[in-house]
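# Understanding the architecture of this molecule
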Amino acid sequence: MDLQAKKYVVFTENKQLQGTIEAKESTELIISGGGVLILGQGQGFLAGKLDVLQSFEGILAGYSLAFSKVTHDLIMSYLSCKINEIGTAEVIFKDMKFWNTSGSVNIRNFSRDAICKIVAIPYSVFPVRFGYEKAVSTCQKINGQIVVPKNALENRKLFELIEQKYPSCHQADDDIIAWIGAKKMMTQNGTLKYRNLMTDEILTYTNVQYDAYSAKLQNECLFLENSPEGYWKQKNCLTRSCLVCSFEKRIVYRVRGRGDDSEIDRQFVINGTYNGRPMFIGLSGTIIRAANSTWELVDALNPFLKGHIIPAGQITPVGRQTWIIEQGSQGRTVQKELLLTACNPTQYTCRDGYCIDRKFRCDLEANCPDQSDEYECLIIKIPDGYLKNVSPPKKCSQVVSVYMSANILAMQPLDILSMNLELSAKIVMEWRDSRLQMQNLNEEATQNVILRPDKFWTPALFFEDEYNSEVDTQKLWSFLVVLKKSKALPDDNRQVQEDSTFMSEHSPIRLEQIFKLKMFCFLSLAGYPFDTQTCTFTIRIMETPKNLLAFNTTASSIVYNGPGSIGEYSLEKIEMLDNDRGNYTGKSIRLTLRNLSAYHVTVSFIPTVIMVAICYSTFYYHLDDFNDRIMVSLTSLLVLTTLFTQITENTPKTAYLQFLDIWFVSATFYAFIVVILLVTINFFKIREGLEEFTPVSQLSLHQGKNEKNEMKNQRLSKRINSVARQVMPVVGVLFILAYFITAYSVF
């Protein structure tokens, strides 16, 4: 530590980690001389007593106190065992008679070699005959690879190692002694090459012995030959041989599931062999080694700590294994599952020791060879005492918010006869439940499906129409997931299972449901077919009062994804409104539907105008063709009446006059007026005809008077017909303009 610069440096694994010392005051940090040197115990005052809560727990392998500054290079040399001690140190552990111990402190002497010899070893030999797949998987489990010598020197040392220490691998009747982690391959230009099994890299060094048998195509795998030259021999990949795993660097194996009070080391490295198998040395004295057909656990510092794996027959102790652990002088025995893994913290360890990316854990796809990444996939961990009938509790007196959005997927045409509307809606709700703990969440929400939603509290929705009557509801689909919206909490190696844990406050639960709803809508049809209707339904949570739970929505919480036109209506506006009732929260969804009128333009208005025009055209018939004129007009009147009857059968019967009724009544009355005019014209025309057949005896007496009346009647009939020709279309056009202007301005 540099107290003046307020910086510190930590040396670990040949690396230097630097940081800043945070001081409560801006003054210079000063440590005055004198006093008592105490190790492993925090002190509230000078030379204070033992306080278990502030005591160091672990192994202190060495201590050096120098009275002058020590260079970083000197510290690194000491930690890497290049020098035996720091020359300027004044206080060390060399002579323990100057030290007093307090509390539970055990002092044991170890040679310097016992500390410094724990270094990475290049090979780990398994003197057991493996097939191809077993050989590959065994090396992968311990984070190594099948050995591939890079030069002649490494090849010779490998042969000597197996020859001298593992006689079971070179039997007299066998010509090979170990696997070589490479296969032969043929390039595109026909050149024979060899590639590394693990990395697929082309080998730059080989020691292959070529012969006619080995050159066969099916002999793709390489083995170390039992000969002083250490040739590599090509053989069939079904051949079995001893296995040598190599390591590029020191591999640290972590132990999970040991618990808080366990004396088993947390970390191990492979260092040497025992009974022909790799030996795992803990950084504080625990040893895992082969024993007959199983693996045992012993401790160099604690003779009462023992254990072994059940059942026997495991090739390596790596992976999730069941251990029988004996602890304490009383020989107390417990059965415990421990996970010994070489995977890094960003990976997940399969039960058999394989490493996969942690994101593949519980992603609904088996990625481990033993499929264990899909075992025990609990998205939500239910605590003891959890009640699914009780809503999530308030936090800091804040009401639990249920964020709701609605998506109207489709609507059936509005049934104006029964005044019913059918639609399908997707309701999405999100909330947070502080009682639950989330695990193994993926970025993709569809991979965080809760398979047993009946075990958890979810909002029970109730739908009602605008008159507070229950809506006919049918649930079509339901989907309950957990959303990942934060990073996982720090890993807890006390748990044997490598599950990522997330805070429920940052991991909302989402419930997606699709409902089919059929509701009553009161329709005001005075302006039909130029009417605008509103249909409203309300969503409520009736089981929980609003002082505990409430809906939370935004302006974008309601959308419509169906077609724009629904039958003869189009959706003009959709909105979500607050609608609490009593002590229960609720949201109303109001649909505004506008009549398109296009249906009645083709079915009602145009046919009516055509019939009225035909009826009007009779004014242009010859005045003597009364039968044709009256038959055409009466037929038009009859057609208008029939059309009126048919159209009104498809609309609700109302006590008030609809706007469509005004149209048909007016058109019918127009045709009736035409009929009356035709009859009137014909009346005068008939009088004219009678006067033309006056007797001869009376002709002289009335000649002057009749001629005068005839001229007058002829002028009157023709005048009525002429006026009708001019007035009736004007009346019709003015009515149509007034009708449609009123329709679009009022309704």
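A quick note: this is a predicted structure, and the numbers were derived from the prediction, not measured. (Residues numbered from 1 in each chain as written. Predicted model: local features only at pLDDT ≥ 70, side-chain atom pairs only at ≥ 80, totals over all residues. Heavy atoms only, no water.)

### Side note on the overall build of the protein chain
In terms of regular secondary structure, the protein chain is built from eight helices and 35 strands. Expressed as a percentage of its 747 residues, the buried residues of the protein chain come to 40%. For the protein chain, the exposed surface amounts to about 42100 Å²; the carbon and sulfur share of it is 54%. (Helix = DSSP H or I, 4+ residues; strand = E, 2+ residues; numbered from the N terminus. Buried < 20%, exposed > 50% of the residue type's maximum accessible area, 1.4 Å probe, protein only. Areas by Shrake-Rupley, 256 points an atom, 1.4 Å probe, with all protein chains shown as cover.)

### Structural notes on the sheet that holds strand S14 (residues 277-282)
The antiparallel closed barrel is built from eight strands, whose spatial order is S12-S13-S14-S15-S16-S17-S18-S19. Recorded for the sheet is a direction-independent mean angle of 35° between the axes of neighbouring strands. Where strand S13 (residues 267-274) and S14 come together, five bridges link them in antiparallel fashion. Looking across to S14, one finds that Tyr274 is bridged to Arg277. (Pairing = 2+ DSSP bridges. Axes fitted to C-alpha atoms, helices over the stretch in contact; angles between N-to-C directions.)

### Some details on the pattern of salt bridges
Here the structure, examined in full by the defined rule, presents 29 salt bridges. Among the salt bridges present, the one from Arg351 reaches Glu376, with a minimum N-O distance of 3.2 Å. Here Arg351 is found in the loop between strand S20 (347-349) and strand S21 (355-357), whereas its partner Glu376 is found in the loop between S21 and strand S22 (380-381), with 25 residues between them in sequence. Overall, the relative accessible area of 44% leaves Glu376 in the partly exposed class. Note that Glu505 and Lys395 form a salt bridge whose closest N and O atoms lie 3.0 Å from each other. Within this pair, whereas Glu505 is found in the loop between strand S28 (501-502) and strand S29 (509-520), its partner Lys395 is found in the loop between S22 and strand S23 (400-411), the two being separated by 110 residues in sequence. (Salt bridge = Lys/Arg side-chain N within 4 Å of Asp/Glu carboxyl O.)

### Description of unusual backbone geometry
Between Ile310 and Pro311 the backbone carries a cis peptide bond, its omega angle lying at -10°. Following Tyr528, the chain continues into Pro529 via a peptide bond in cis, with omega recorded as 10°. Residue position: Pro529 is located in the loop between S29 and strand S30 (532-541). Residues other than glycine seldom take positive phi values, yet Met419 does so here, at roughly 55°.

### Thoughts on the packing of helix H5 (residues 598-616) against helix H6 (residues 626-649)
Where H5 meets H6, the closest approach of the two axes is 9 Å, and the angle between their N-to-C directions is 165°. Classified by the angle their axes make, H5 and H6 are roughly antiparallel. Considering how the two elements wind past one another, H5 and H6 form a crossing that is left-handed. Within the contact between the two elements, H5 uses His600, Val603, Ser604, Pro607, Thr608, Met611, Val612, Ile614 and Cys615 and H6 uses Val632, Ser633, Ser636, Val639, Leu640, Leu643 and Ile647. Looking at side-chain class alone, the contact of H5 with H6 contains 11 nonpolar, five polar and no charged residues. (Parallel < 35°, antiparallel > 145°, perpendicular 65-115°, else oblique. Left-handed = near helix turned anticlockwise from the far one by under 90°. Contact = heavy atoms within 4.5 Å. Nonpolar A, V, L, I, M, F, W, Y, C, P; charged D, E, K, R; others polar.)

### Looking at the state of the cysteines
Counting across every chain of the model gives seven disulfides. The disulfide bridge from Cys343 ends at Cys355, spanning 1.9 Å between sulfur atoms. With the S-S bond torsion at -95°, the cross-link from Cys343 to Cys355 turns out left-handed. Remark: Cys355 occurs in strand S21 and Cys343 occurs in the loop between strand S19 (332-341) and S20; sequence separation between them is 12 residues. Judged by relative accessible area, which is 3%, Cys343 ranks as buried. At a sulfur-sulfur separation of 1.5 Å, the disulfide partner of Cys521 is Cys535. Pair noted here: Cys521 is in the loop between S29 and S30 and Cys535 is in strand S30, with a separation of 14 residues, a long-range link. Judged on exposure class, the residue Cys521 and its partner Cys535 are both buried. (Disulfide = S-S within 2.5 Å.)

### Focus: a nonpolar patch on the surface
Residues Val730, Val733, Leu734, Leu737 and Ile741 make up a contiguous nonpolar surface patch of about 480 Å² in total accessible area. Looking at where Ile741 falls in the secondary structure, it is placed in helix H8 (residues 696-746). (Patch = residues over 30% accessible without salt bridge, like charges linked within 9 Å, V, L, I, M, F, W, Y side chains within 5 Å.)

### Points about the side chain of Arg540
With respect to the element layout, Arg540 can be found in strand S30. Within the structure, the side chain of Arg540 is placed 2.5 Å from the side chain of Glu464, a separation counted as a polar contact. At 2.5 Å, the side chain of Arg540 and the backbone oxygen of Asn579 are in polar contact. (Polar contact = N/O pair within 3.5 Å; in protein donor to acceptor, adjacent residues only side chain to side chain.)

### Re the sheet that holds S22
An order of S22-S25-S28 is seen for the three strands of this open sheet, with the pairing classed as antiparallel. The open sheet terminates on both sides in strands that have one partner only, identified here as S22 and S28. Bridge count for S22 against strand S25 (residues 437-439) is two bridges, and the pairing is antiparallel. When the sheet's bridge partners are listed, Ile380 is paired in S25 with Met438.

### A closer look at the nonpolar core
Counting residues in each nonpolar core, the largest one holds 63 residues, and the members touching the most others are Met411, Leu423 and Ile427. Tallying contributions element by element places strand S24 (residues 420-431) first for this core, with six residues. Every residue in contact with Leu423, bar those within four places of it in the chain, is listed here: Ile408, Ala410, Met411, Phe515, Lys516, Leu517, Met519, Phe537 and Leu591. Cys237, Phe247, Ile270 and Ala290 belong to the second-largest nonpolar core, a separate cluster that totals 35 residues. (Core = buried A, V, L, I, M, F, W, Y, C linked by side-chain atoms within 4.5 Å.)

### Observations regarding the packing of aromatic side chains
Under the defined criterion, the tally for this structure stands at 29 aromatic pairs. Taking 6.1 Å as the distance between ring centres and 65° as the angle between the ring planes, the aromatic pair formed by Phe605 and Tyr739 counts as edge-to-face. Here the residue Phe605 occupies a position in helix H5, and Tyr739 occupies one in helix H8, the gap between them amounting to 134 residues. In textbook terms, an aromatic cluster arises when at least three aromatic residues are bridged by ring pairs, as seen for Phe530, Phe605, Phe659, Trp663, Phe735, Tyr739, Phe740 and Tyr744. (Phe/Tyr/Trp six-rings, centres within 6.5 Å; stacked < 30°, edge-to-face > 60°.)

### Overview of the pairing of strand S9 (residues 221-225)
Here S9 lies mainly inside the structure; five of its five residues are buried. Taken together, the five bridges between strand S7 (residues 176-186) and S9 define a ladder with antiparallel strand orientation. In the strand pairing of S9, Ile176 is matched with Glu225. Pairing of S9 with strand S10 (residues 232-235), which is carried by four bridges, proceeds in the antiparallel orientation. Directly across from Leu222, in S10, lies its bridge partner Gln234. Taking the residues that link successive antiparallel strands as the turn, the S9-S10 hairpin has six residues, and the phi of Gly230 there is positive, at about 65°.

### Some points on helix H3 (residues 132-141)
Along H3, the residues classified as buried are Ala135, Val136, Ser137, Thr138, Cys139 and Lys141. Buried residues along H3 sit against strand S5 (123-130), strand S6 (145-146), S7 and strand S11 (241-246). Remark: Asn143 follows H3 within two positions and exhibits a positive phi of approximately 65°.

### Overview of the confidence of the model for the protein chain
Of the residues in the protein chain, 86% have a pLDDT of 70 or more, and the chain-wide mean is 84. Mean pLDDT values for the elements of the protein chain range from 63 in strand S4 (residues 89-92) up to 96 in S29. This model gives residues 696-702 a pLDDT under 50, and the stretch forms zero contacts once residues within four places in sequence are excluded. (pLDDT = per-residue confidence, 0-100.)

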